[in-house]
Amino acid sequence: VPSVSVSLYQWLEVDLGERTKITAVATQGRYGSSDWLTSYLLMFSDTGHNWKQYRQEDSIGSFPGNSNADSVVQNKLQQPAFARFLRLIPLDWNPNGRIGLRLETYGCPYTSEVVSFDGGSSGLAFRLSPVPRKTSREVVSLKFKALRNSGTLLQAEGRDGLSLSLELERGKLFLLLRRGGTSSSESRRLASLGSLLDDQHWHHVVLEQKNAHLNLTVDKHTEKVQIPAEFNHWDIKQLSVGAVQSLDSQKPIVSKRNFHGCLENLLHNGVNLIELAKNNDHQVTGNVTFSCAEPVSVAVTFTGPQSFLQLPGATASSSGGVSLGFQFRTWNKAGLLLTFDLPQQGGVVWLYLSEARLRLQIHKGGRALLELTAGSALNDGQWHSVDVTSRRSRLMISVDKEEGGVAHANPPFPVTAGGQLFFGGCPAEYHSQDCENPFDVFQGCMRLLAVDNQLVDLITVQQRLLGNYSQLQIDMCGIIDRCSPSRCEHGGRCSQSWTVFHCNCSDSGYSGATCHSAVYEQSCEAYKHNGNTSGHFYIDVDGSGPIKPQLVYCNMTEENTWMVMQHNNTELTRLRPSAGVKQHSVHFQYSAQEEQLSAAISQSEHCEQELSYHCRKSRLLNTLEGSPFSWWLGGPGSGRIQTYWGGAHPGSQQCSCGLQGDYSGLLTHKESLPVRSLVLGDIQRPGSEAAYRVGPLRCHGDKNFWNAAFFDKETSYLHFPTFHGELSADISFLFKTTASSGVFLENLGIKDFIRIELSSSTQVLFSFDVGNGPLEVLVESNDPLNDNRWHRVRAERNVKEASLRLDDLPVATQEAPTDGHFHLQLNSQLFIGGTASRQKGFRGCIRSLQLNGVTLDLEERAKITPGVQPGCPGHCSSYGSLCQNQGRCVERTNSFHCDCSLSAYTGVFCQTEVSVSFKPGSSVSYTFKEPYELSRNSSALPSSIYSDMTLRGENVSLSFRTNQSPALLLYVSSYYREHLALLINKNGEEDLEVRYKLDSSREAEVLESNVRSLANGQLHTVTIRRLSDSVSIQVKPSHQFMKQFCVWQVILLLCLISVYLILFSESDDFDPDLARLASLGFAGCLSVVQFNTISPLKAALLHPDTSPVVINGPLVQSNCGSAGSANPYVEENTHHLSDQSGSVGSGQPLVNAIRTDSAFIGGVIAVAIFVIVTALAITARFLYRRKETYRNQEAKEVKQEDSQDFSFNNQADSQNISTENPKEFFI
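Residues numbered from 1 in each chain as written. Predicted model: local features only at pLDDT ≥ 70, side-chain atom pairs only at ≥ 80, totals over all residues. Heavy atoms only, no water.

Novice: Where do I start with the state of the cysteines in this structure?
Specialist: The bond known as a disulfide is covalent and runs between the sulfur atoms of two cysteines. If you walk through the whole model with that rule in mind, you get 13 disulfides. Across a sulfur-sulfur distance of 2.0 Å, Cys262 and Cys292 are joined as a disulfide pair. Disulfide Cys262-Cys292: torsion about the S-S bond near 90 degrees, hence right-handed. Of the two residues, Cys262 is situated in strand β18 (residues 260–268) and Cys292 in the loop between β20 (284–287) and β21 (299–302); the sequence distance between them amounts to 30 residues. Owing to a relative accessible area of 2%, Cys262 belongs among the buried residues under this scheme. (Disulfide = S-S within 2.5 Å. Helix = DSSP H or I, 4+ residues; strand = E, 2+ residues; numbered from the N terminus. Buried < 20%, exposed > 50% of the residue type's maximum accessible area, 1.4 Å probe, protein only.)

In structure tokens, the structure reads:
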């Protein structure tokens, strides 16, 4: 059928004579010519009107045609079409020829039984025979074509008034559970499926019940629901279609909600009930017509910006007014519906949608003469009727026959439409002469267009015999509901316009175009490595999987990062005997859901839960018969009975019990956790007492986060089963490498593929093909990616877009075609670290590889794969920067640890200040061993207590906040009465003063900072650095003062005794001025005090029992050293350390504190002075050798602990100070 014209508005229509099951279509060009089609659309219809476009995968509308005139191209339909009429519409053809076509359709005959219902009294009731059922399965299937968007389609009634009904509501199908036989009886919605089911096309419905489960299928989509237990043995007594008829009544119930339309092949367990009705079976009653008569209603679709429909206006006889009407449906909130000129007034009338409301505006000379508004939410996809009338100076617009709203006005001029009417938009060639559209174009459908109460024949318009049009689809409504089924995942809310849909992911915990990717991390371990500290966090244990996020507490104060999940009773609970009660049982409700708990336990390396039991005359274990008095339930679901207790093995009926009738232990077998219930017996005897406590569930370690593999060759790879991510796929992993390129991941199909690769040293490329041609997303970094540091890659592909994120760089996206393939079909193995061709392989480490929330076990696969090694060490290069304030990053097999022993700070990243609020009378002293004790008792203290005998310089830093002046902040003294003092003087200016006495025969040198008003209650930070005779003092932040001083050099500051904070003992021989200041005490805050590598406040507060400290008076730990309340590392709790047990508060040292002896001190001082005067060089060498002796001796006897925050660093500090003296701090 060659066509001379090349117009797009041509088609080839085939009448098959009757409804046929069509399975394929084949095309061929015109013989011996250059005429063939290259692409086309297929339309189907039962009546020759109201055509429906066939779509593959719900999106692909076009079919590929021919490439020459001779070959035959057959396209099989994924789902068969049932229709009488077929229409082929050419889209493109050979540019060197014309439209030429030979067409063949494939299919088979289709037989059906049809019945129609008028929406009133017509209906059928099938009373089913009470035959014994062989199975507990009931199946009802049918096809329906609705002429009205609401109505009861089917009702299945059983015993006890229980019934299930299928009801149309605004074009959607609802499954309702009713108690009672009428539509007004109580109902509960079980499921809803479908949309736009009032499009006057056939839709297939299957209702399948099996015990308490029920599957509802509408066309290709199925929803599974659970119905109440009373339906387990429920039998259908009667099926009603059309007008509902109850079991107790022989007459149908006439209602506006009765179904209006046609049914086809109504089957119950394979029996065609319509055929029974045709044969006047005694089981059937009702009044129907066994045919399907459809009213001819021609719709028109406005598809895009160039769409418009031009019609002639009213005739001259009716020029005295306007009467226009039409129906429309759309998803858009805005668009021009109709416009026409007012030639007598020189104005224009616009009828348009704005914010989903109908508005009419009369415009003239650049201003609006009149505005009317009616209706709301008119973009819901439903048909809405619009009427515009103007008679006798009264203008009125109404929506849905006044049910949706009406507005009217009395313009002082007549409103007529004698010229041209433009629907949907304006033709481009008019250029604002007769038609002007300042609004958005209309995209949607219209039907029943009427001018002067006369319907417009749109078929005549289609034949170009009336009016004009462009870019229209006539005799069909091409509306698509892109939100049914919703592509939004994880509870995202779907909204749409005519061409696209949008997902609102707020409050879902997920992000992306379809709410697919998880917002939250999968473990506390992951939060820690993002630089977070302890607190409450949302954890999404399976990433983009189905398990919802859960709120947990992440405790990062210990070396292990603990995830803490609470339940409803973690307190110690006491039990007392009650009459007649032999057992007490309690159930624990966790804040996390079952699947969240199971997944968290499974992916953790270790989990534990405290279970303690305190009792008197209440036995725990065996009875006389051997069974235990008490037990607990733990594990998945409701838990299994456990008869073992902490410290024992499962099933052993043993525990690590105390001698006083107390038991307290940790349950560590993950298979038995968490504790679900506790049953305690033997509590009924007189005098019985018992108490129990079940702590929160605590887990640490993330097996997924550290699962890694090292690829040492470009030809090495790991392979896994095929990746299934047909509609949505997310891939995330971390990598580090020194190579400039390589493929991270690849999976191939017949034509489709997905690949992520390092395309250059600064670029990561994500590419895939789902049948529309390759699509690439590229992210480029300004810094090299082959720096052997961890980098994170997150790629996602869904039906809307593809995205790629690298580290914290902005995300790159590429939109997917609106109409195109969207199923990713792969069939090969998934290759990690390489490709199927073994080319462009990746060399380096890949870690924590997850596909759609499922972690691939790289380590296990690497153990059996040559060229690939499990694990990948070396994390400090990436995460070492998280360790702050001189904290040292320590490598671990999995993870890293910040060693804060050389820092004045504490916390997981050495970021938490150690601050104390002092009151007058409070003090802390930090004491070092005297020289004579070092050789006599070298094993008394950890090696961190020993230090150099001499000090060439020191670094001192602290922060303070006070309103007191004068005030002594810090005092450092030696065995030879040398000292360093830091104070705020009282000379009217409240400046900072540093006093150095490096020679006992000279007066102390006073160094003033010239910074005023330091006792103003604000936070000030002081840093003092001395190297030999050079001293620098820095005060900040407000003053940023820094000054250099020179002091008398006495070569060395020898044998420091202690560092005092605020208070001295009366026996010390101090400068009178300093003694007077010390007697005043100090009221204020001191924070992060550090003397070289010594942190006396930290030692006193965190390690008082193992540090050489003496605490006098109350010490209150607080956050007073924070620069402001916005400090992200402020401690949550305030700890009080006041007059501790033992010697605390009495002025005596704590355990391991140093006892001094004044007689020995005097002797040692005298000998030291004599040695200095007579043989300075020999003494220095002697002291250096003794330092080495102490160090070596201590290294042999005591192992230094990294966790001791007060420990010495025996290496030279950053200021190249070569040695350090033993000394004592007082704060």
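Novice: Just checking my understanding: could you explain the environment of Pro549 for this structure?
Specialist: If you trace the backbone, Pro549 turns up in the loop between β40 (535–539) and β41 (550–555). Between the C-alpha atoms of Pro549 and Tyr510, which are 39 residues apart in sequence, the distance is 9.3 Å. For Pro549, the residues in contact, after removing those within four places along its chain, are Gly509, Tyr510, Tyr520, Tyr538, Ile539, Asp540 and Gln596. (Contact = heavy atoms within 4.5 Å.)

Novice: Would you mind showing me how to read the nonpolar core here?
Specialist: Soluble globular proteins: nonpolar side chains tend toward being buried together. Leu678 and Leu697 are the most contacted members of the largest nonpolar core, which totals 55 residues. Take this core: its biggest share by element is five residues, from strand β50 (residues 689–700). The next biggest cluster of nonpolar side chains, apart from the first, holds 46 residues, and it includes Val388, Val399, Ala407 and Val415. (Core = buried A, V, L, I, M, F, W, Y, C linked by side-chain atoms within 4.5 Å.)

Novice: Could you clarify how one ought to interpret the UniProt feature "transmembrane region" (unreviewed entry) in the protein in this entry?
Specialist: When the UniProt feature table is mapped to this numbering, "transmembrane region" (unreviewed entry) covers residues 1047–1065, 1077–1094 and 1159–1184. Between the end C-alpha atoms of residues 1077–1094 the distance is 24 Å, and the span holds 22% helix and 44% strand. (UniProt positions renumbered as here; feature names shortened; annotations may be inferred.)

Novice: Please explain the environment of Ile99 as it appears in this structure.
Specialist: With respect to the secondary-structure elements, Ile99 resides in the loop between β5 (73–93) and β6 (102–109). Along the chain, Ile99 and Thr38 lie 61 residues apart, while their C-alpha atoms are 9.5 Å from each other.

Novice: What is the right way to read helix α8 (residues 1072–1080) from this model?
Specialist: For the α-helix, the turn length of 3.6 residues means that residues three or four positions removed from each other point alike. Of the residues making up α8, those classed as buried are Leu1074, Leu1077 and Ala1078. Viewed along the axis of α8, the buried residues span an arc of 100 degrees, placing them on a single side of the element. Across α8 from its buried face, at more than 90 degrees, point the exposed residues Pro1072 and Ser1079. The first or second residue beyond α8 is Gly1081, which carries a positive phi of 75 degrees. (Arc of directions from axis to C-beta.)

Novice: Looking at this structure, I do not really get the sheet that holds strand β27 (residues 367–374). What am I missing?
Specialist: Sheets are built from strands that pair by backbone hydrogen bonding, the pairs being arranged parallel or antiparallel. An order of β27-β26-β25-β24-β31-β22-β34 is seen for the seven strands of this open sheet, with the pairing classed as antiparallel. With partners counted over all chains shown, the strands left at the sheet margins are β27 and β34 (468–470), one partner each. Looking at each pair of strands side by side, their axes are set apart by 15 degrees on average, direction ignored. Pairing of strand β24 (residues 335–342) with strand β31 (residues 420–423) involves two bridges; the strand directions are antiparallel. (Pairing = 2+ DSSP bridges. Axes fitted to C-alpha atoms, helices over the stretch in contact; angles between N-to-C directions.)

Novice: What's the story with the side chain of Ser517 in this structure? I'm lost.
Specialist: You can see Ser517 is positioned in strand β39 (residues 517–518). Judged by its relative accessible area of 17%, Ser517 is buried. A distance of 2.6 Å separates polar atoms of two side chains, one belonging to Ser517 and the other to Glu796. With sequence-adjacent residues up to four places away left out, Ser517 is seen in contact with Gly509, Tyr510, Ser511, Asp730 and Glu796. (Polar contact = N/O pair within 3.5 Å; in protein donor to acceptor, adjacent residues only side chain to side chain.)

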